[in-house]
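For reference, the chains in residue letters:
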Amino acid sequence: MNDFIDMIEPTPKLHSKKCKLISMLLRIFLQYGIYIIGSLVWLKYDYFISIATFLLSFIIMGIVRSKIRNSVIPIKQREYQYNDKGIADWYTAKEICNDELESKIEKI
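Note that the coordinates shown come from a computational prediction; the quantities given were computed from them, not determined experimentally.

**A closer look at the packing of aromatic side chains**
Next, step 1: One pass over the structure, following the stated rule, counts 2 aromatic pairs.
Next, step 2: With a centroid separation of 5.8 Å and 35° between ring planes, the pair formed by Tyr35 and Phe54 is classed as tilted. Taken together, the residues span a long stretch of sequence, with Tyr35 in helix H1 (residues 17-44) and Phe54 in helix H2 (residues 47-72) at a distance of 19 residues.
Next, step 3: By relative accessible area, Tyr35 is classed as partly exposed at 46%.

**Examining the pattern of salt bridges**
Next, step 1: Using the criterion set out here, one finds 2 salt bridges in the structure.
Next, step 2: Of the charged contacts in the structure, one is a salt bridge between Asp84 and Arg65, with a shortest N-O distance of 2.8 Å. Here Asp84, found in helix H3 (residues 84-96), pairs with Arg65, found in helix H2; they are 19 residues apart in sequence, far enough to count as distant.
Next, step 3: For Asp84, a relative accessible area of 13% corresponds to the buried category.
Next, step 4: Of the charged contacts, one joins Asp89 and Lys85 as a salt bridge, the two residues approaching to 2.9 Å between their closest N and O atoms. Taken together, the positions of Asp89 and Lys85, both in helix H3 and 4 residues apart, correspond to about one turn of that helix.
Next, step 5: Exposure remark for Asp89: the relative accessible area of 9% places this residue in the buried category.

**A short note on the environment of Pro12**
Next, step 1: One can find Pro12 in the segment before H1.
Next, step 2: A C-alpha to C-alpha distance of 9.1 Å links Pro12 and Thr92, two positions 80 residues apart in sequence.
Next, step 3: Once residues within four sequence positions are removed from consideration, Pro12 is found in contact with Asp89, Trp90 and Ala93.

**Here's the deal with H2**
Next, step 1: Relative to the 38 Å expected for 26 residues at 1.5 Å per residue, H2 spans 37 Å between its end C-alpha atoms, a close match to the ideal helical length.
Next, step 2: Burial in H2 covers these residues: Ser50, Ser57, Met61, Ile68, Arg69 and Val72.
Next, step 3: Each element contacted by the buried residues of H2 is listed here: H1 and H3.

Rules used throughout
Residues numbered from 1 in each chain as written. Predicted model: local features only at pLDDT ≥ 70, side-chain atom pairs only at ≥ 80, totals over all residues. Heavy atoms only, no water. Phe/Tyr/Trp six-rings, centres within 6.5 Å; stacked < 30°, edge-to-face > 60°. Helix = DSSP H or I, 4+ residues; strand = E, 2+ residues; numbered from the N terminus. Buried < 20%, exposed > 50% of the residue type's maximum accessible area, 1.4 Å probe, protein only. Salt bridge = Lys/Arg side-chain N within 4 Å of Asp/Glu carboxyl O. Contact = heavy atoms within 4.5 Å. Expected span 1.5 Å × (residues − 1).

So, in structure tokens, the structure goes:
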């Protein structure tokens, strides 16, 4: 009876300014995208259409958030809760700034 707890991979740390900026922009998009879209539709059209767009964008942003989350977080860790900053850091480290992470591993 050897019950071992699987090692949990920590959220990657971003070191370059470019990667931090990309992560921050992605986090802002995930957190405030629905409000920005709803406000732009309200300014362009009517507030009834804006409310409908806000509700629809809330659903679409949830789908986008879960797709990004499931594409980069390891399978064993998907049951844990991650905020938008964690999801943005994982995505930026694994998909966009992957070469930076590999070069740091090679140095070690």
